[in-house]
Amino acid sequence: MAEKIAGDISEHPHETGSVPLTRGLSTKLLVLTVLFVMIAEVLIFIPSVANFGMQWMQQRLENAAAVSIILMEGEDEALAPDIRDELLMATGVKAIAVRDADVSRILVVTDMPPAVDEHIDVDAITPPDAIAQTFSTLFFGGDRVFRIFGKVGDTGKIFEILIPDTDLRNAMLTYARNVAFLSLIISLFTATLVFYAINRIMIRPIRGMTQSMLSFAAAPDDPRRIITPEVRGDEIGVAERELARMQTALQKTLGEQKRLADLGLAVSKINHDMRNMLASAHLISDRLSTIDDPAVKTLTPRLLRTLDRAVTYSEGVLNYGRTQEAPPSRRRLRLHALVEEVRNVLPLEADSQIEFANAVDRDFEVSADSEHLFRVLSNLCRNAVQAMAGDNDPSVVKRLTVSAERSDRAARIYVSDTGPGLPQKARENLFAPFRGSAKSGGTGLGLAIAQELVRAHGGALELVESIGGHTVFAISIPEALPPV
């Protein structure tokens with residue numbers, strides 16, 4: 001598996017190095033920050049320019065109103081042309097008028113008043129109208145004349161001016177240029193600060209996790225490639241800790257897979273010679289059957305059946321790594337007799353004081369593969385015997401019981417013992433090879449094989465209970481054949 005990962009990486013070398021600057025998250029973050037700040041500035045810029053235009057017109061109207069008040073309080077006579085021109089030049093308008101109680105009076109005017117292109121009431125104009133008028137002046141103005149009118153102060157009089165929009169347009173363009181330049185400076189400054197903060201908080205840790213994943217994929221068996229999480233409580237910290245936990249678990253799994261591969265190779269080598277030795281033992285056992293001794297005649301058939309099972313299983317182990325367990329050949333079996341065969345192969349010495357109770361009804365039948373079910377029961381019973389054999393207290397009850405019941409068209413077989421119970425680590429990794437062993441030096445393969453065989457029948461193997469003095473395993477096998 002490690003070789004496959006390394007091979008995939010070698011086929012895509014451009015994916016293992018650092019990400020190019022143009023495609024990196026840092027560059028994207030910087031560009032997006034500048035863009036979003038500029039968009040925000042544009043949303044502020046539009047009403048800002050419109051407000052500037054309205055203030056400019058209001059200021060011109062107020063200046064004209066001040067001149068009008070001075071003129072109305074003076075002598076009522078026509079102004080000299082040179083004085084009139086100076087007044088108009090000072091205010092920047094073409095004409096000044098005042099309206100009081102529906103009576104209009106032109107105070108200052110050029111010789112020929114220009115034609116009015118647009119009338120603007122500064123008291124009644126709405127913000128949308130101001131924005132529309134502003135952009136109209138910016139894009140289409142420069143040679144038009146505005147009539148601007150409205151009240152100034154608390155006088156109650158309405159002052160009017162005629163003014164070209166040239167100065168207004170120039171002032172707006174200058175203001176817009178200054179605002180745009182300032183917005184760009186603010187955008188870059190804000191983007192730099194945001195980029196620096198997010199780069200420190202997010203981008204750099206993400207880049208570190210990316211490099212760790214690429215480095216780990218190149219050599220998953222090297223513990224130095226596992227990421228070292230930072231001490232932080234946010235989502236990045238959680239991601240780093242979970243990545244470290246995942247890399248550790250994957251490295252452990254790869255190690256177990258390698259051990260399994262090595263074990264399979266070793267077992268295949270040993271098993272090749274073991275099969276020959278078992279065949280020789282089988283021939284010797286055949287000769288024992290010719291001895292005229294009642295005890296020998298009783299034990300020889302059991303020995304031959306055990307050797308046959310060992311030879312069959314030995315041949316199957318030789319194919320380990322190339323095939324799985326053979327699919328079950330289900331037959332209708334008498335479970336009581338099969339349990340008795342399991343009893344005969346268990347190491348139940350007299351000094352062990354272990355009782356074996358076959359509590360299965362003699363007429364109880366189950367649809368299963370006899371060899372597979374024998375291996376499952378022998379694994380479970382052998383584990384129970386080994387657990388109880390370590391207790392040397394003669395007053396402790398040591399009993400192994402096999403019972404069965406039928407429920408919901410399924411046979412449920414129970415294997416219970418009065419041993420010390422499974423340790424916590426064994427319960428957490430119950431059916432995991434090399435991790436679910438209850439005794440020191442064990443491999444945990446027995447329960448893993450038993451679970452695989454039961455699942456092949458469409459059933460389930462589960463630990464019902466395991467406390468001091470009481471451990472129960474349950475085997476559920478659904479019916480596959482109609483009862484006969």
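For the structure, check the block above.
Bear in mind the structure is a predicted one, so any value in this text is a computation, not a measurement.

> Any chance you could explain the packing of aromatic side chains here in plain terms?
Two aromatic rings are characterised by how far apart their centres lie and by the angle between their planes. Tallied over the entire structure, the rule returns two aromatic pairs. Geometrically, the ring pair formed by Phe 52 and Tyr 175 is stacked, given 4.5 Å between the ring centres and 5° between the ring planes. In this pair, Phe 52 is assigned in helix α2 (residues 25-73) and Tyr 175 in helix α5 (residues 166-218), connecting sequence segments 123 residues apart. Look at Phe 135 and Phe 139: their rings are 5.8 Å apart centre to centre, the planes differ by 15°, and that puts the pair in the stacked class. With Phe 135 and Phe 139 both in helix α4 (residues 127-140) and four residues apart, the pair spans about one turn of that helix. The exposure class of Phe 135 is partly exposed, given its relative accessible area of 27%. A residue is classified by how much of its surface remains accessible, and Phe 139, at 57% relative accessible area, is exposed. One Lys or Arg, Arg 147, reaches over the ring of Phe 149 and ends 4.2 Å from the middle of that ring. Over the ring of Phe 364 we find Arg 406; its NZ or CZ atom is 4.6 Å from the centre of that ring.

> Help me out: how do you make sense of the pattern of salt bridges in this one?
When the charged atoms of two side chains with opposite charge come close together, those side chains can pair. The tally for this structure, following the rule as stated, stands at 13 salt bridges. Note that Glu 365 is salt-bridged to Arg 332, the shortest N-O span being 3.8 Å. Here Arg 332 lies in strand β6 (residues 331-334) and Glu 365 lies in strand β8 (residues 365-368), a separation of 33 residues in the sequence. With a closest N to O distance of 3.3 Å, Glu 355 and Arg 399 form a salt bridge. A residue pair is termed long-range when its members are at least 10 positions apart, and Glu 355 in strand β7 (residues 355-358) and Arg 399 in strand β9 (residues 399-406) qualify at 44 residues.

> Can you walk me through the side chain of Thr 471 in this structure?
One can find Thr 471 in strand β12 (residues 470-478). Look at Thr 471 and you get buried, because its relative accessible area is 4%. Separated by 3.4 Å, the side chains of Thr 471 and Ser 466 make a polar contact. Once residues within four sequence positions are removed from consideration, Thr 471 is found in contact with Val 415, Ser 416, Asp 417, Gly 421, Leu 422, Leu 463, Glu 465 and Ser 466.

> What should I look at first to understand the packing of helix α8 (residues 335-345) against helix α9 (residues 370-389) in this one?
When two helices pack together, their arrangement is given by the angle between their axes and by how far apart the axes lie. Where α8 contacts α9, the two axes come as close as 10 Å, and the packing angle between them is 50°. Considering their axes alone, α8 and α9 lie oblique with respect to each other. Helix-helix and strand crossings are classified by hand; for α8 and α9 the assignment is right-handed. Listed contacts from α9 to Leu 335, Leu 338, Val 339, Glu 341, Val 342 and Val 345 of α8 are Ser 370, Leu 373, Phe 374, Leu 377, Ser 378, Cys 381 and Arg 382. Here the residues of the contact of α8 with α9 are counted per class, giving nine nonpolar, two polar and two charged.

> Which parts of the structure should I look at to understand the pairing of strand β3 (residues 118-121)?
As judged from the four bridges shared by β3 and strand β4 (residues 145-151), these two strands associate in the parallel manner. Counted as the bridge partner of Asp 121 is Phe 149 from β4. Handedness of the crossover joining β3 and β4 through α4 is recorded here as right-handed.

> Whenever I open this one, the pairing of β4 confuses me. Can you help?
Remember that side chains alternate between the two faces of the sheet whenever the strand is regular. Most of β4 sits inside the fold, with six of its seven residues counted as buried. By the bridge criterion, seven bridges tie β4 to strand β5 (residues 158-164) in an arrangement that is antiparallel. The partner of Ile 148 across the bridge, within β5, is Ile 161. Here β4 hands over to β5 after six residues, with Gly 153 in that stretch at a positive phi of 70°.

> Mind showing me how you'd approach α8 here?
Turn by turn, an α-helix covers 3.6 residues, leaving residues three or four places apart pointing in a common direction. Among the residues making up α8, those that are buried are Leu 335, His 336, Leu 338, Val 339 and Val 342. Viewed end-on, α8 has its buried residues packed into an arc of 160°, placing them on one side of the element. The secondary structure elements touched by the buried residues of α8 are β6, β7, β8, α9, β9 and β10 (410-417).

> What exactly am I supposed to notice about empty space enclosed by the protein here?
Empty space among the atoms becomes visible once a probe the size of a water molecule is rolled across them. By the definition in use, this model includes two cavities of 30 Å³ or more. Within this model, the second largest cavity holds a volume of roughly 40 Å³. Taken together, Ala 368, His 372, Leu 373, Val 376, Leu 453, Val 454, His 457 and Ile 477 make up the lining of the second largest cavity. Top contributing element to the lining of the second largest cavity by residue count: α9, with three residues. Grouping the constituent residues of the lining of the second largest cavity by class yields six nonpolar, two polar and no charged.

> Any chance you could explain a nonpolar patch on the surface here in plain terms?
Among the surface-exposed residues, Leu 32, Leu 35, Phe 36, Ile 39 and Leu 43 lie close enough to one another that they form a single nonpolar patch of about 500 Å² accessible area. Checked against the element boundaries, Ile 39 lands in helix α2.

Rules behind the numbers
Residues numbered from 1 in each chain as written. Predicted model: local features only at pLDDT ≥ 70, side-chain atom pairs only at ≥ 80, totals over all residues. Heavy atoms only, no water. Phe/Tyr/Trp six-rings, centres within 6.5 Å; stacked < 30°, edge-to-face > 60°. Helix = DSSP H or I, 4+ residues; strand = E, 2+ residues; numbered from the N terminus. Buried < 20%, exposed > 50% of the residue type's maximum accessible area, 1.4 Å probe, protein only. Lys NZ or Arg CZ within 6 Å of the ring centre and 35° of its normal. Salt bridge = Lys/Arg side-chain N within 4 Å of Asp/Glu carboxyl O. Polar contact = N/O pair within 3.5 Å; in protein donor to acceptor, adjacent residues only side chain to side chain. Contact = heavy atoms within 4.5 Å. Axes fitted to C-alpha atoms, helices over the stretch in contact; angles between N-to-C directions. Parallel < 35°, antiparallel > 145°, perpendicular 65-115°, else oblique. Left-handed = near helix turned anticlockwise from the far one by under 90°. Nonpolar A, V, L, I, M, F, W, Y, C, P; charged D, E, K, R; others polar. Pairing = 2+ DSSP bridges. Right-handed = clockwise from strand over helix to strand, strands pointing away. Arc of directions from axis to C-beta. 1 Å grid on protein atoms, 1.4 Å probe; cavity = no way out; pocket = protein on both sides within 12 Å on 5 of 7 lines; lining within 4 Å. Points joined across faces, edges and corners; volume = space filled by probe spheres on them. Patch = residues over 30% accessible without salt bridge, like charges linked within 9 Å, V, L, I, M, F, W, Y side chains within 5 Å. Areas by Shrake-Rupley, 256 points an atom, 1.4 Å probe, with all protein chains shown as cover.

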